[in-house]
Structure formats: structure tokens, C-alpha cells
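Report on the structure
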Amino acid sequence: MPTPRLFPCIRGRPFLGGYTADGDDASNDLEELLMDTQIAMNNIQPTLALFYTPKMKPSYLEKAAEVVRSGSGQPQFMNMNAAVARSLVRFASRGITLDEARTLPVIFGCVGTGIQGKGSYVTFEGQPNLAKLVEFAMYDGYDPHTRKQVFPNVKPAEECATFEELYDALLRHMDHAYDAQRKISDLGNSTREQIVPNIFRSCLLDGCIESGLCEEAGGPKYSQSLCITSTGIDAANSLYAIKHLIYDTKQLTWEQLKKALAANFEGYEDIQKLCFGAPKHGNDIEDVDQLTRRFFRDVERIYRSHGPDYFGYEAHMDPFSLSYHNYFAPMTGALPNGRQKGVALTDASVSAMPGTDVNGSTALIKSAAQAIDTVRNNCNHMNMKFLPSALEGPSGTRMLLNLIKTYFDLGGGHIQFNCVSSETLCDAQEHPQNYKNLVVRVAGFSSYFTCTRVCRTKSSSVRNTRTSDSYPDGGEPPDCRRPLPNCSTRMKCMLEITIAPEVIAKFKELLVEEDNEDAVFRIRETKVGGG
């Protein structure tokens with residue numbers, strides 16, 4: 001039996017399982033006691049993260065399944081083999097050892113990984129809205145939301161005779177987007193490094209003292225600066241809907257589609273039904289999966305083409321949502337995937353659009369596991385929901401563990417589960433006083449449902465996720481396409497942040513120093529944002 005120990009923690013998150021330095025199973029009885037504690041207390045914090053390996057004993061995994069059934073949204077399951085491979089590839093030039101990759105995995109942020117005590121992830125390269133790129137492709141760089149020409153004209157969608165011409169135009173708009181995004185993120189990171197360096201924490205990380213650099217400047221031996229990447233599934237589904245409805249089956253013209261989108265599908269419910277019914281990610285449909293993989297590879301390729309990250313290393317994507325799919329909702333118009341403006345975009349990075357995974361759980365994980373390369377990128381982000389009855393008994397446990405194993409065998413990097421019914425969540429929205437202890441999984445953390453109710457897009461993202469065996473094929477959860485109230489108001493409140501005068505002054509100084517004339521900034525003396 002391995003010597004009892006817990007994986008290192010950061011920000012209070014215990015890491016379970018994984019490998020020893022020799023590559024043996026590192027899980028132990030102490031970790032099972034910790035899982036028992038979670039079952040008994042139903043805590044939202046600390047979040048348990050289980051680094052799954054094929055060498056774990058069945059009783060240990062059965063205990064993890066019991067935690068899932070308890071309904072706390074924990075543990076999040078991480079693919080240890082992918083995490084080791086990712087660290088060895090990413091940090092090879094910095095001398096990482098196999099022992100370090102096996103014994104020091106850590107989750108930075110929500111689902112991405114790094115090296116505990118020797119790495120840092122406080123600097124990041126922005127968080128683009130990939131679904132918005134479809135709008136730019138459809139309107140040739142024009143944004144219907146702000147009514148501004150954001151990017152240079154490439155080619156009007158109506159003049160694209162084939163889907164490949166449209167896709168090429170989208171990639172050119174994507175290139176403009178990442179060019180601007182990288183300049184803005186470099187400016188922001190430079191400002192943070194100069195104004196708010198974390199000296200104390202830097203002293204605790206290997207490499208900072210030796211290099212004389214704080215973590216914001218890349219001092220840690222295995223520092224990372226990653227680009228948060230979300231709404232890619234909305235983009236891929238929208239692209240396939242365009243391909244299917246306009247170019248392949250010719251059921252719609254560009255004029256018909258654009259009129260429906262401009263009206264937010266109001267009065268065009270027949271077109272919305274066509275869009276929503278077009279083949280979607282999460283159903284093990286090879287054509288759709290190929291386009292999804294192609295899109296994510298092109299995102300990675302174009303992002304990297306704009307040079308190294310802020311620290312001078314090869315740039316990497318961090319595909320997870322961090323709840324930005326809610327923030328982007330009021331800024332993104334109706335999409336060809338059938339989603340209306342104001343409705344939360346698809347959560348995580350490889351989860352299915354709510355109500356569209358109609359071919360079962362196995363089909364969903366097969367599509368999700370191969371959408372993103374989890375070695376080249378900093379993991380992926382996958383959320384699933386099961387009815388409590390689906391996980392009951394030995395058969396439910398076997399089904400869940402087989403699903404996790406298959407997903408990781410196919411290359412998936414992360415998966416987590418909500419074990420709750422849509423009926424319970426709907427009732428909790430209406431009667432929160434009766435559900436003070438109801439816990440749900442949101443992004444990379446667990447939260448009391450009544451706390452997420454202030455932003456209805458979050459709770460509805462959980463509620464509308466298709467529940468295994470709860471809807472007939474071809475059906476959809478309630479309200480999955482209806483805009484949710486107060487979304488833009490909530491986002492406005494979130495963005496009204498008071499900025500100190502010295503920070504404003506530093507931003508202005510850096511704008512001059514960087515000579516960054518083609519990046520657009522709005523700096524107000526008291527507040528930033530407004531929805």
C-alpha cells in the first residue's frame with residue numbers, strides 16, 4: 001500500500017490519485033476517507049480533483065462514483081496520462097523531469113494543469129469569444145451588436161459560392177481578432193507586472209529567486225501564460241448549420257437566414273427549427289466532428305502564428321469557459337445553430353449545446369474527447385448531467401466508471417458531473433428558500449444553487465444541459481432557447497469596477513510607450529464597462 005499522502009494543494013484544492021515517481025498507483029486509503037468526508041458534509045469547497053489512472057483499484061473508483069452520486073458536482077476527473085504528456089511536451093525546453101510530471105500535477109484555474117510549486121498561472125492571454133467570429137464572417141467584419149465595422153472587409157457571405165470560401169473568410173477575420181487580442185493582452189500583462197507584482201508568493205515558487213523575477217514576469221521555472229478559449233462549440237455548430245442548410249441541402253438562402261437572425265428568430269420560428277435541428281456536436285456524427293476538430297486546430301494554429309506568449313515561450317490555448325459563455329450572451333447575436341441572442345452560449349469547451357445531444361452519453365463523449373487535442377492544449381472542459389436514478393446501484397456505478405474510462409482512453413482531459421434532475425433545478429429557481437443546500441457544478445467549481453440564481457444564465461446552463469435518458473430523441477429541455485431576463489443588467493453590474501487613478505495613469509503611459517495605435521481602448525476615469 002502506498003504511503004498515505006495527499007497531492008499538493010493550491011488555493012485549498014486537494015488533488016487525489018495520480019502516479020508515484022515510479023509510475024505506480026498513488027491513490028490511498030487516506031484519500032478515500034477524504035471522499036467519505038465530502039459525502040457526509042456536501043461541501044462546495046474545497047473542490048476535490050481526482051487524477052484518474054488505469055491503475056486505480058475498483059474500490060477507490062467506486063468511492064469516487066459515490067461522491068458523484070451525492071450531488072455536490074465533485075470530484076472533477078482529470079486524465080493523468082494526458083497531464084503527464086502535456087507537461088513533458090510543454091516544459092521540455094525548460095528541463096522538466098518525468099518525476100516532476102508524474103508527482104507534481106496541479107490544476108491552475110478551473111481545469112488546466114501545471115507543475116505545483118514550480119509553476120504559475122496568474123498571467124493569461126485574454127478570452128476571445130469564438131462564436132462571435134461566425135458573426136464577423138457572416139457580416140464581413142461588421143458587428144450587428146455595436147453597429148461598427150470591427151475588422152477590415154474580406155468577402156461578403158453572399159458572395160461565397162462554397163462553404164470553403166466562407167470558412168477561409170472566417171479564418172482571415174480570426175487572424176485580425178488574434179492580432180488585436182495579443183496586443184491587448186500583452187499590454188494588460190505588462191501593466192499587471194509593473195503595478196501589482198506578488199512578491200511574497202513569488203518567493204514561494206521555484207525559479208523566482210534564482211531568476212530575480214516575480215511570477216507576473218515569468219519567474220517560476222514552469223510559468224504559463226495561456227489563452228482562455230470558450231464558445232468554440234457554438235461556432236462549430238453554427239458553421240455546420242450554414243454548411244448544411246445553405247450549401248449542402250440549400251434549404252435556406254443567406255437572405256432568409258440573415259433576416260431570421262436580425263429578428264432574433266421572432267416570426268421566423270420555422271427557420272429557427274431548421275437551425276436547431278441541423279446536425280450538432282455531441283452525437284458521434286463524423287462530418288460534424290471533423291469540422292469541430294478542424295475549427296479548433298485552426299484556432300490553435302492562428303493563435304500561435306502571432307508569436308510567443310507574454311513570457312516568450314510557445315503560446316498555448318486553455319480551452320474552458322470560466323463562465324464567459326454567460327458574459328458573452330448579450331454581446332452575441334442570434335446564431336445559425338438556433339440559439340437566440342441573450343441565451344447563454346454553450347458552457348465548458350467540449351460540452352454539447354443544451355438539448356442537442358440526442359444519441360446518448362457514449363456518442364457525446366466520443367465527440368467531446370476528440371474535439372480538442374488535450375496534449376497540445378491545456379486540457380479540455382466537459383460537463384455532463386445525470387438523473388440520480390441513472391447512477392443508482394452497482395449497474396449505475398459501472399456505467400459511470402466505464403464512461404469515464406472510455407472518455408479518457410479516447411483522449412479526453414477533463415470531465416465532471418451534475419447529478420440532479422431538471423425538475424429539481426426548475427423548482428429551486430422558483431422556490432430557492434426550499435433548496436438552501438442544493439449544490440451544482442459551474443465551470444470549475446461547485447456552488448450553492450441559490451448563490452448562482454442571481455445570474456440566471458448560470459443556473460439555466462446547468463438546468464438545460466441534457467440529462468441522460470430524460471428526454472426522448474429529438475426533444476429538448478424546457479426553455480433551452482428562450483432569452484433569460486436581466487442578463488445584460490447583471491453583466492453591467494459585474495463590469496462596473498472602480499479603477500484607481502494611478503492605474504489609469506499607468507495605462508495611458510503604456511499606451512504611449514507601446515505605440516499601439518491600432519488597438520482600441522476605452523478608459524474612463526471612474527469606471528470601466530457597462531454591458
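Since the structure is predicted, the reported quantities are computational estimates derived from the model, not experimental observations.

1. Some thoughts on the overall build of the chain
Along the chain, the regular secondary structure elements total 20 helices and 17 strands. Taking all 531 residues of the chain together, 56% fall into the buried category. Restricting the contact set of the chain to residue pairs at least 6 apart, pairs at least 24 apart contribute 72%. Roughly 21,300 Å² of accessible area belongs to the chain as shown, and the carbon and sulfur atoms make up 53% of that amount.

2. With respect to helix α2 (residues 58-69)
If you check α2, its first and last C-alpha atoms are 16 Å apart, about what 12 residues at 1.5 Å a residue would give, namely 16 Å. Taken as a whole, α2 has its buried residues at Y60, L61, K63, A64, A65, V67 and V68. One or two residues past the end of α2 sits G71, with phi positive at roughly 90 degrees.

3. Some points on the sheet that holds strand β7 (residues 119-124)
Spatial strand order, β7-β10-β11: 3 strands in an open sheet with parallel pairing. The open sheet has two free edges, formed respectively by β7 and β11 (316-318), since each of these has just one partner strand. Along the sheet, successive strands turn relative to each other by an average axial angle of 50 degrees, direction set aside. Note: β7 against strand β10 (residues 222-228), 4 bridges, orientation parallel. Paired with S120 across the bridge in β10 is S223. Against the sheet, helix α12 (residues 286-304) touches β10 and β11, its axis set at about 130 degrees to β11.

4. Re helix α14 (residues 361-371)
Burial of α14 is extensive: 8 of the 11 residues sit out of reach of the surface. S361, A363, L364, I365, S367, A368, A369 and A371 are the residues of α14 that are buried. Where the residues of α14 are buried, they touch α12, β12 (383-386) and α15 (393-409).

The rules we used
- Residues numbered from 1 in each chain as written.
- Predicted model: local features only at pLDDT ≥ 70, side-chain atom pairs only at ≥ 80, totals over all residues.
- Heavy atoms only, no water.
- Helix = DSSP H or I, 4+ residues; strand = E, 2+ residues; numbered from the N terminus.
- Buried < 20%, exposed > 50% of the residue type's maximum accessible area, 1.4 Å probe, protein only.
- Contact = heavy atoms within 4.5 Å.
- Areas by Shrake-Rupley, 256 points an atom, 1.4 Å probe, with all protein chains shown as cover.
- Expected span 1.5 Å × (residues − 1).
- Pairing = 2+ DSSP bridges.
- Axes fitted to C-alpha atoms, helices over the stretch in contact; angles between N-to-C directions.

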